[in-house]
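This is what each chain is made of:
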Amino acid sequence: MSSTVDFGRSLLIVRTRRITVRVGTRTTVVCASLVCAALLMGVVALGTGDYAIAPDRVVRALFVGDHRFDRLVVWEWRFPRVILALVLGAALGVSGAILQSVTRNPLGSPDIVGFNTGAYTGALIVMLTLGGSGFQTATGAFVGGLATALAIQLLAFRHNVSGFRLIIVGIGVSAMLAAVNTWLILRADLHAAMSAAAWGAGSLNGLSWPQVAPALLILAVLALALGPVVRWLPVLELGDDQASSFGVRVGRARMLLIVLSVALTAVATAVAGPIAFVALAAPQLGRRLARTPSTALAPAAAMGSLLLVTCDWIAQRLFAPTPLPVGVVTVSIGGLYLVYLLLAEARRT
């Protein structure tokens, strides 16, 4: 393997015997900076709480562990929450980037189109009517999100799936599913309804090590599945006709990518509930920082991690000692971003 830097085009070129990978140097620097910022924010979150720990002691507890109580607080009480914030944020960022590429629209994100709501519906059916929990709830979230995606695809299909039509149909389906979710919560008993409503706000509170390993395993499998098909994204952004001329089977590629986007969203929803606006904002913020010509997955993942771990820290500290669900903070910040995005699109068009 060899690597060179083409300064004329600002490309980092990595060559092996079989493949050549070209990565923009600005994209590499932006991704590295975002990852470092997310990790630093993670260290701050690990040291914040009723028992405050200085950053140097946090790092020492992570790698040395000579102070038993610091290690207990960092590893057993706080680290699962922080690692899930980083990983689920990246999953939501990638999910949003895939959908925005497929729809060729910055508003194409799982929470706007309705995949989040559909995953929440599936999880509620399992939780409130079937009495399931854990893996069953995760399965329900995946099935609900996938069924919603299929319904939106069928309703939006007209000769081919238009990105704008997909978004409009998705908003309508999301509104109907939100009504179904409210009905499911209202007809449940009080304790189950309160738990489902709190979970529906999107929260990392109470997460521990048993939730970490399954989430990491499933996301690793999805990342491996995404590897062979990620090359289709920039081609699909050129339009269906040009993508077909390059030999891409557009319908099959779009459906497979949407399934992967739904799966990433369903994992995050099953673990922490429907966390809104991270999937909407992360891809576009990452793209603007990296100045990539199309929506790129790596900046979206890094930005998603930074957004979610930061918003979770704000949720814990804003009204301390009473923690807020992280979804409350992401909705508040994401709502402002959505207004900005709509105004920017209106000026552009």
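These numbers come from a predicted model, not from an experiment. (Residues numbered from 1 in each chain as written. Predicted model: local features only at pLDDT ≥ 70, side-chain atom pairs only at ≥ 80, totals over all residues. Heavy atoms only, no water.)

1. So, the packing of helix α3 (residues 68-103) against helix α13 (residues 278-290)
Moving on, step 1. In contact at an axis separation of 7 Å, α3 and α13 are set at 75° when each is read in the N-to-C sense. Taken together, the axes of α3 and α13 are roughly perpendicular relative to one another. From α3, Gly89, Leu92, Gly93, Gly96, Ala97 and Gln100 reach across to α13, where they touch Val278, Ala279, Leu280, Ala282, Pro283 and Gln284.
Moving on, step 2. The class makeup of the residues in the contact of α3 with α13 is 7 nonpolar, 5 polar and no charged. (Axes fitted to C-alpha atoms, helices over the stretch in contact; angles between N-to-C directions. Helix = DSSP H or I, 4+ residues; strand = E, 2+ residues; numbered from the N terminus. Parallel < 35°, antiparallel > 145°, perpendicular 65-115°, else oblique. Contact = heavy atoms within 4.5 Å. Nonpolar A, V, L, I, M, F, W, Y, C, P; charged D, E, K, R; others polar.)

2. Quick notes on the packing of aromatic side chains
Moving on, step 1. Tallied over the full model, the rule gives 5 aromatic pairs.
Moving on, step 2. Aromatic side chains Tyr51 and Phe69 sit 4.9 Å apart centroid to centroid with 75° between the ring planes, which places their arrangement in the edge-to-face category. Of this pair, Tyr51 sits in the loop between α1 (25-47) and α2 (55-63) while Phe69 sits in helix α3, placing them 18 residues apart in sequence.
Moving on, step 3. A connected cluster of aromatic rings, assembled from ring pairs, spans Tyr51, Phe69 and Trp77. (Phe/Tyr/Trp six-rings, centres within 6.5 Å; stacked < 30°, edge-to-face > 60°.)

3. Brief notes about helix α8 (residues 190-200)
Moving on, step 1. Turning to α8, its buried residues are Ala193, Ala196, Trp199 and Gly200. For α8, the buried positions fall inside an angular range of 130° around the axis, keeping them on one side. When the buried face of α8 is taken as reference, the exposed residues oriented beyond 90 degrees from it are Leu190, His191 and Met194.
Moving on, step 2. Near the N-terminus of α8, the side chain that reaches the backbone nitrogen of His191, with its oxygen 3.3 Å away, is that of Asp189. (Buried < 20%, exposed > 50% of the residue type's maximum accessible area, 1.4 Å probe, protein only. Arc of directions from axis to C-beta. Polar contact = N/O pair within 3.5 Å; in protein donor to acceptor, adjacent residues only side chain to side chain.)

4. Remarks on the pattern of salt bridges
Moving on, step 1. Under the counting rule described, the total for this entry stands at 2 salt bridges.
Moving on, step 2. A salt bridge links Asp70 to Arg57; its shortest N-O distance comes to 3.0 Å. Here Asp70 is found in helix α3, whereas its partner Arg57 is found in helix α2, with 13 residues between them in sequence. (Salt bridge = Lys/Arg side-chain N within 4 Å of Asp/Glu carboxyl O.)

5. Points about α1
Moving on, step 1. For α1, built from 23 residues, the straight-helix expectation of 33 Å at 1.5 Å per residue is met to within 8% by its first-to-last C-alpha distance of 33 Å.
Moving on, step 2. Listed as buried for α1 are Thr27, Val30, Cys31, Leu34, Ala38, Met41, Gly42, Val43, Ala45, Leu46 and Gly47. (Expected span 1.5 Å × (residues − 1).)

6. Observations concerning the state of the cysteines
Moving on, step 1. Scanning the model with the defined rule gives 0 disulfides in all.
Moving on, step 2. Left unpaired, Cys36 is separated from the closest cysteine sulfur, that of Cys31, by 11 Å.
Moving on, step 3. Looking at Cys36, the relative accessible area reads 45%, which means it is partly exposed.
Moving on, step 4. Of all cysteine sulfurs in the structure, the one in Cys31 sits closest to Cys311, which takes part in no disulfide; the separation is 19 Å. (Disulfide = S-S within 2.5 Å.)

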